[in-house]
Amino acid sequence: MLSLTLSADQPFNLDKTLSCGQVFRWAETNGWWTGVIRDRVIRIQQDGNHLSWSGADEAFIRHYFSLDLDLSRILAEIDCDPVIHRAIYACRGLRIIRQTPWECLVSYMIATFTNIPSIKRRISLLCREFGNKIDSGGEPYFSFPTPEALAGSDEKQVRACSLGYRAPYLCQVAQAIHQDPGWAGAIRNLPYEEARTELMRYRGVGRKVADCVLLFGFERLEAVPVDVWIERILRQHYLKPGEKANYDHIRRYAQGYFGPFAGYAQEYLFCMRNDITKKE
DNA sequence: AGCCAGGACTGAG
DNA sequence: CTCAGTCATGGC
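Keep in mind that this is a model prediction, so the values were computed, not measured. (Residues numbered from 1 in each chain as written. Chains lettered and ligands numbered in written order. Predicted model: local features only at pLDDT ≥ 70, side-chain atom pairs only at ≥ 80, totals over all residues. Heavy atoms only, no water.)

### So, the domain arrangement of chain A
Domain annotation for chain A reports domain 1 (2-69) and domain 2 (101-217). Of note, the centres of domain 1 and domain 2, computed from C-alpha atoms alone, are 23 Å apart. In this assembly, domain 1 packs against domain 2 so that about 1,100 Å² is buried in total across both faces, 63% of it on carbon and sulfur atoms. Remark: the boundary between domain 1 and domain 2 carries zero salt bridges. Here domain 1 is connected to domain 2 by three residue pairs in polar contact (both at pLDDT 80 or more). (Domains from an automatic or database assignment. Buried area = accessible area lost by both parts, 1.4 Å probe. Salt bridge = Lys/Arg side-chain N within 4 Å of Asp/Glu carboxyl O. Polar contact = N/O pair within 3.5 Å; in protein donor to acceptor, adjacent residues only side chain to side chain.)

### What to know about the nonpolar core
With 79 residues, the main nonpolar core has L126, W183, Y268 and L269 as its most contacted residues. Non-local contacts of L269, meaning those with residues more than four positions away in its chain, are made with V83, I84, A87, I230, I233, Y238, F258 and I276. W33, L51, W53 and Y64 belong to the second largest nonpolar core, which has 20 residues in total. (Core = buried A, V, L, I, M, F, W, Y, C linked by side-chain atoms within 4.5 Å. Buried < 20%, exposed > 50% of the residue type's maximum accessible area, 1.4 Å probe, protein only. Contact = heavy atoms within 4.5 Å.)

### Here we look at helix α5 (residues 101-110)
Counted residue by residue, α5 has ten buried out of ten residues, so it is predominantly covered. Within α5, burial applies to P101, W102, E103, C104, L105, V106, S107, Y108, M109 and I110. Of the surrounding elements, those touching the buried residues of α5 are α6 (116-130), α7 (147-151), α9 (166-179), α10 (183-188) and α12 (207-217). (Helix = DSSP H or I, 4+ residues; strand = E, 2+ residues; numbered from the N terminus.)

### Some remarks on the side chain of D227
With respect to the helices and strands, D227 occurs in the loop between α12 and α13 (228-237). Here D227 occupies a buried position and makes no salt bridge, while the nearest side chain of opposite charge, K208, is found at 5.8 Å. From its side chain, D227 meets the backbone nitrogen of I230 in a polar contact 3.0 Å long. Among residues more than four places away in sequence, those in contact with D227 are K208 and F270. (Lys, Arg positive; Asp, Glu negative; His and termini not counted.)

### What to know about the protein's contact with DNA strand B
Around DNA strand B, the surrounding shell holds 29 residues, and the nearest of these are I116, R203, G204, R232 and Q266. In this structure, R203 approaches DNA strand B through a side-chain N or O atom, which is 2.5 Å from a phosphate oxygen. Within the backbone of G206, an N or O atom sits 2.9 Å from a phosphate oxygen of DNA strand B. Of all elements in the fold, only α12, α13 and α15 (262-271) reach the threshold of two or more residues within the surface near DNA strand B. Here the surface near DNA strand B is composed, by residue class, of 15 nonpolar, eight polar and six charged. (Near = heavy atom within 4 Å. Nonpolar A, V, L, I, M, F, W, Y, C, P; charged D, E, K, R; others polar.)

Structure follows, in structure tokens:
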């Protein structure tokens, strides 16, 4: 068991970070979060400014949770109105996790046109079916399937993970990336708009999925994924009533309004989606 | 029971 | 370019 003490000027909230819907493979049981990263089971707990965990070294934990970023400065920069201010107050310490591009891409392809509990369930089935079993004493855990494992699988078997019409997209992207191991490096070297266009060449990857992958998998903190919730929030609190605005209008508005860390603003607003949207 | 969900694709205008 | 129809599934 390892531990570290967070400095006072470095806000971090483990619960918000793992429960806000950016990652889908962590589960909490009486205070302890358990997740699988690469081939390792990680258990972690926060008690005030104290972080305790097993399954990884400190450098990995700091990197994964972006503890090296000056979050106070980022939050100060996006804190431009009462709506986002309230979200920052409520979710302070939420950090955007550095996911691996492959897992992030597949996860958000699965995340189209569904809800978060279903996404978690489907990814869990996918790992159980195509990942490697990890012995950790108690219940079995499974690693995320490699491109190779998915590329060589039967589409029907993939579909059986409740994936529906997404199954052929997953098989295709797995084959493409298995044949092109340098895909992530190539995208990492491109400017935002070009990286986005490149990601959208994969079938099943549209604007929203591409923005999620850039934000959560490639550290493009200016990326603003616009899902139905973010669109609702922006229309209700930021855009003019009835303003005609398609995806890219809304995305660019948020990027211009919140600046280079607009992705953080997006995630804080998403975290507050149930409190700041009125249903009618 | 029916509506909705971290959308993408296709074809028509 | 916009717009509607369609896609497969489960949560609530």
